[in-house]
Amino acid sequence: MSNTPVLSFTDRGIYCAAGDFYIDPWRPVERALITHGHADHARSGHRHYLATEQALPVMKHRLSDITCQSIRYGEVQQIGAAEVSFHPAGHVPGSAQIKVSVAGEIWVASGDYKIEDDGLSEPFEPQRCHHFITESTFGLPVFRWRPQPDIAQDINAWWQGCAAAGKTAFLGAYALGKAQRLLRMLDPSIGPILTHGAVEATNAVLRGQGIVLPQTTQLTKDTDPKANRGALVVAPPSALGSTWAKRFGPSESAFASGWMQLRGVRRRRSGDRGFVISDHADWDGLLSAIKATGAENIYVTHGYTDVFARYLSENGWHAQVVPTEFGGESDESEAES
């Protein structure tokens, strides 16, 4: 293998000198390969974008006029001296791990990922490599997710209880990925499903790609709360408790996030309920993904980086923390992601 690393970590992002491109750069560059459409990974200002066919529609919706090219999962593209391919990451629809091979040395930049098949995103596919760049958003043993059907049952029971008590249920979730995953988990027989504009705009893009979602109605200033009794409203966390939400009278609010595993975060959120569900891998998922790569060299980004890297180093891997500007799943809301 070459003495020059295939990927390096710079002040602009993860850089491949052999192909002269960046992966998920956070400052403007000539050529950007993008793992998925969340705002901390797909940023504006790059001259050329490359992403999966499934990720590009939402990227175009969010970033407007961009010069972009699509790539199919598993397709190998030669960029300079580098061979590049995109593989499912299981994070949100269209999300990818990016595999880069130069002279037999293989690196994989995983972006954000989860191991559980959520029935919405393309399921995670581990890639054999020498070097693996992993997130560690939930890189502590306390983070272990329950199966999705169990969470769905809890959410629907809560919604049904709200409806029976004459309350509107407000469920906070990021507009891309989490919101649609939750929509697929809901039981529409309980009542109407209403959506915040940011969620419904993303729904429209994904429906245009053939992704099936239950019937939803976008909230507007003219929405009549009396005509939507027993409704559940899916909205970005920042919208919960806002003026438009108060028009619905008696209500309960809940947050859907991996951070709900921590009691301190649940208290700070001041919601009535917290449902532990994340589009990121939990502790066991991170470890199983890393083992499946066969990689000896692990680069740990955003999250519990120091703790997770130390654990890996103590258990046979060459692990190091690398600086990035990715946000992971913040417990602070952002209406666009």
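Whatever comes next refers back to the structure up there.
Residues numbered from 1 in each chain as written. Predicted model: local features only at pLDDT ≥ 70, side-chain atom pairs only at ≥ 80, totals over all residues. Heavy atoms only, no water.

Novice: What is the right way to read the overall build of the chain from this model?
Specialist: Of regular secondary structure, the chain possesses 8 helices and 19 strands. Here the C-alpha atoms of the chain give a radius of gyration of 20 Å, agreeing with the 20 Å that 2.2 N^0.38 yields for 337 residues. For the chain, buried positions account for 55% of its 337 residues. In the chain, the share of contacts with a sequence separation of at least 24, taken over all contacts with a separation of at least 6, comes to 61%. On the chain, roughly 13,900 Å² of surface is accessible, and the fraction owed to carbon and sulfur atoms is 47%. Measuring between centres, the 31 positive side-chain charges of the chain sit 6 Å from its 37 negative side-chain charges. (Helix = DSSP H or I, 4+ residues; strand = E, 2+ residues; numbered from the N terminus. Rg over C-alpha atoms; globule rule 2.2 N^0.38 Å. Buried < 20%, exposed > 50% of the residue type's maximum accessible area, 1.4 Å probe, protein only. Contact = heavy atoms within 4.5 Å. Areas by Shrake-Rupley, 256 points an atom, 1.4 Å probe, with all protein chains shown as cover. Lys, Arg positive; Asp, Glu negative; His and termini not counted. Charge placed at Lys NZ, Arg CZ, Asp CG, Glu CD.)

Novice: What's the story with the pattern of salt bridges in this structure? I'm lost.
Specialist: Side chains that carry opposite charge are capable of pairing whenever their charged atoms lie near each other. Counted under the stated rule, the structure contains 12 salt bridges. Among the salt bridges present, the one from Asp222 reaches Lys221, with a minimum N-O distance of 3.6 Å. Shared partners join several salt bridges into a network, and the residues in it are Lys114, Glu116, Asp118, Arg181 and Asp279. (Salt bridge = Lys/Arg side-chain N within 4 Å of Asp/Glu carboxyl O.)

Novice: Looking at this structure, I do not really get the sheet that holds strand β6 (residues 68-71). What am I missing?
Specialist: For sheets, the rule is that strands pair by backbone hydrogen bonds, running either parallel or antiparallel. Read from one edge of the open sheet, 6 strands run β1-β2-β3-β4-β5-β6, paired in mixed fashion. Strand pairing shows two members of the sheet lacking a second neighbour, β1 (8-9) and β6, which therefore form its edges. Pairing geometry for strand β3 (residues 21-23) and strand β4 (residues 31-33), over 2 bridges, is parallel. Bridging across to β4, Tyr22 finds its partner in Ala32. (Pairing = 2+ DSSP bridges.)

Such coordinate-based values are descriptive only and should not be taken to indicate function.
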